[in-house]
Amino acid sequence: RSTLFPYTTLFRSRLAYDQRHSGAVIVDYRSSEAKGLMKGVGINGTFSFGSGTAYTPSTSESAVFGRGWSLPVAAINSGNLPWTKRLDLRIEKAMVVAGTDLTAYVVVLNALNTENVDRVYPPSGEAGNDGYLETPEGKVWLLSNPGGAEYYKDRLKVPNRWDIPRIVRFGLSVNL
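The structure reproduced in this document is the subject of the present report. If you're wondering where the values come from, they're calculated on a predicted model, not measured in any experiment.

Criteria and cut-off values
- Per-chain numbering applies: the sequence of each chain, read as written, is numbered from 1 onward.
- Reporting in this predicted model follows two pLDDT cut-offs: at least 70 for local features of residues, and 80 or more for side-chain atom pairs to be given and counted; totals over whole chains, interfaces and linings ignore these cut-offs and use all residues.
- Each side-chain value is derived from all of the structure's non-hydrogen atoms; neither hydrogens nor water enter the calculation.
- Starting at the N terminus, helices and strands are each numbered in turn, a helix being any DSSP run of H or I of at least four residues and a strand any DSSP run of E of at least two.
- The globule rule used here is 2.2 Å times the number of residues to the 0.38 power, and the radius of gyration it is set against is calculated over C-alpha atoms.
- Contact between two residues is taken to exist if any of their heavy atoms lie within 4.5 Å; hydrogens are not considered.
- Accessible areas in this description were obtained via Shrake-Rupley with a 1.4 Å probe; residue shielding takes into account the shown protein chains only.
- Just to be clear on terms, a salt bridge is a Lys or Arg side-chain nitrogen sitting within 4 Å of an Asp or Glu carboxyl oxygen.
- Between buried and exposed lies partly exposed: a residue is buried under 20% and exposed over 50% of the maximum accessible area for its type, with that area taken using a 1.4 Å probe on protein chains only.
- In this analysis, strands are considered paired if DSSP registers two or more bridges between them.
- Each axis is a line fitted through C-alpha atoms, and for a helix only the stretch in contact is used; angles between axes span 0 to 180 degrees, taken between their N-to-C directions.
- Residues belong to a common nonpolar core when they are buried Ala, Val, Leu, Ile, Met, Phe, Trp, Tyr or Cys residues joined through side-chain atoms within 4.5 Å.
- Any two of the Phe, Tyr and Trp rings considered here, Trp counted by its six-membered ring, make a pair once their centres fall within 6.5 Å; the pair's planes then place it as stacked at under 30 degrees, edge-to-face at over 60, or tilted in between.

Below, the discussion takes up the overall build of the protein chain. Regarding its fold elements, the protein chain presents two helices and seven strands. On C-alpha atoms alone, the protein chain measures out to a radius of gyration of 24 Å, which is more than a quarter above the 16 Å that the 2.2 N^0.38 rule sets for 176 residues. Judged by the C-alpha coordinates and their principal axes, the protein chain covers about 70 × 60 × 25 Å. For the protein chain, the proportion of contacts with a sequence separation of at least 24, taken over those separated by at least 6, is 65%. Split by element, the accessible area of the protein chain, about 12000 Å² in all, is 60% carbon and sulfur.

Taken as a whole and assessed by the stated rule, the structure comprises eight salt bridges. Between Arg 30 and Asp 28 there is a salt bridge, with the nearest N and O atoms lying 2.9 Å from each other. You can call Asp 28 partly exposed: its relative accessible area is 44%. Between Arg 86 and Asp 88 there is a salt bridge whose closest N-O contact spans 3.0 Å.

With respect to topology, five strands assemble into an open sheet ordered 1-2-5-6-7, the strand pairing being antiparallel. Unpaired on one side and paired on the other, strand 1 (22-30) and strand 7 (167-175) mark the two borders of the sheet. Put simply, the sheet's adjacent strands are angled 15° from each other on average, direction ignored. Where strand 6 (residues 100-109) meets strand 7, nine bridges bridge the pair, whose relative direction is antiparallel. Of the residues in strand 7, the one forming a bridge with Tyr 105 is Gly 171.

This part covers the nonpolar core. If you look at the biggest cluster of nonpolar residues, it comprises seven residues: Val 64, Tyr 121, Tyr 132, Leu 133, Trp 141, Tyr 152 and Leu 156. When neighbours within four sequence positions are excluded, Trp 141 is seen to be in contact with Phe 65, Leu 133, Gly 148, Ala 149, Tyr 151 and Tyr 152. If you look at the next biggest cluster of nonpolar residues, it comprises five residues, including Tyr 55, Leu 81, Val 117 and Ala 127.

A few words on the packing of aromatic side chains. For any pair of aromatic rings, the description rests on two quantities: the centre-to-centre distance and the angle between the ring planes. Throughout the structure, instances matching the rule amount to six aromatic pairs. Ring centres 5.7 Å apart and planes at 45° place the aromatic pair Phe 65 and Tyr 152 in the tilted group. Of the two residues, Phe 65 sits in the loop between strand 3 (54-55) and strand 4 (79-80) while Tyr 152 sits in helix 2 (residues 148-156), which places them 87 residues apart along the sequence. Taking relative accessible area as the criterion, Tyr 152 reaches 0% and is therefore assigned buried. Feature note: the residues Phe 65, Tyr 132, Trp 141 and Tyr 152 constitute an aromatic cluster, connected by ring pairs.

Now for the pairing of strand 6. With nine bridges connecting them, strand 5 (residues 84-97) and strand 6 associate as antiparallel partners. Within strand 6, the residue paired with Met 95 across the bridge is Leu 102. A loop of two residues connects strand 5 with strand 6, the two strands running antiparallel in sequence, and Ala 98 in this loop sits at a positive phi of about 55°.

With respect to the helices and strands, Ser 78 occurs in the loop between strand 3 and strand 4. A residue is classified by how much of its surface remains accessible, and Ser 78, at 38% relative accessible area, is partly exposed. When the C-alpha positions of Ser 78 and Leu 109 are compared, they lie 31 Å apart, and in sequence the two are 31 residues distant. Residue contacts for Ser 78: discarding those within four places in its chain leaves Arg 14, Tyr 55 and Pro 57.

Next comes the structure, spelled out in C-alpha cells:
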C-alpha cells in the first residue's frame with residue numbers, strides 16, 4: 001500500500017477481458033510409419049477451457065424497449081460469465097493420386113457443440129434473458145400485450161451472445 005496514494009486499492013477494478021483461469025491441451029498424432037489404410041493419417045485435437053470474463057451487474061432494464069444502458073448495482077466488472085470449454089478436431093489423410101500429393105481433411109470446430117456464453121445481459125447475468133419480464137413493469141406490459149412474451153423472448157435471441165456452434169468443414173489440399 002502506497003503512502004503517497006493511500007486510497008488506490010479502493011478504486012481498482014477488473015478489466016472486461018480479465019480471465020483468471022485458462023488453459024489448453026493439444027494432442028497431435030501422425031502415422032508416417034504406418035502401412036495400408038492408416039498410412040498418411042493425421043489427427044489433431046485442441047481442448048481449450050477458461051473461467052468466464054468479467055461484466056458489471058446492473059439495474060433491470062429492458063433490452064428491447066430500454067435506453068440501451070443500465071445503472072450498475074455492484075462494483076465495476078464484479079460479475080463473472082460462466083466457464084467455457086471447446087474441443088476442435090482436424091483429421092487428415094495424405095495420399096498420392098496420379099503423381100500429385102493430395103491431403104483430404106475434415107475440421108470440426110466445437111466438436112462437442114458446447115453452448116459457451118460470450119456476453120450476458122447485465123441485469124440477469126444470462127445470455128438469453130434480460131430479466132425484464134419478471135419486473136413489475138414487465139408484468140404490466142405482459143398484461144396489456146397477450147402473447148407478448150414470445151415476441152419479447154424472440155427479440156432477445158441475439159446470436160453474438162454465444163460462441164460458435166459445431167461447424168464441420170471438408171477440404172482438399174494439393175501439394176505441387
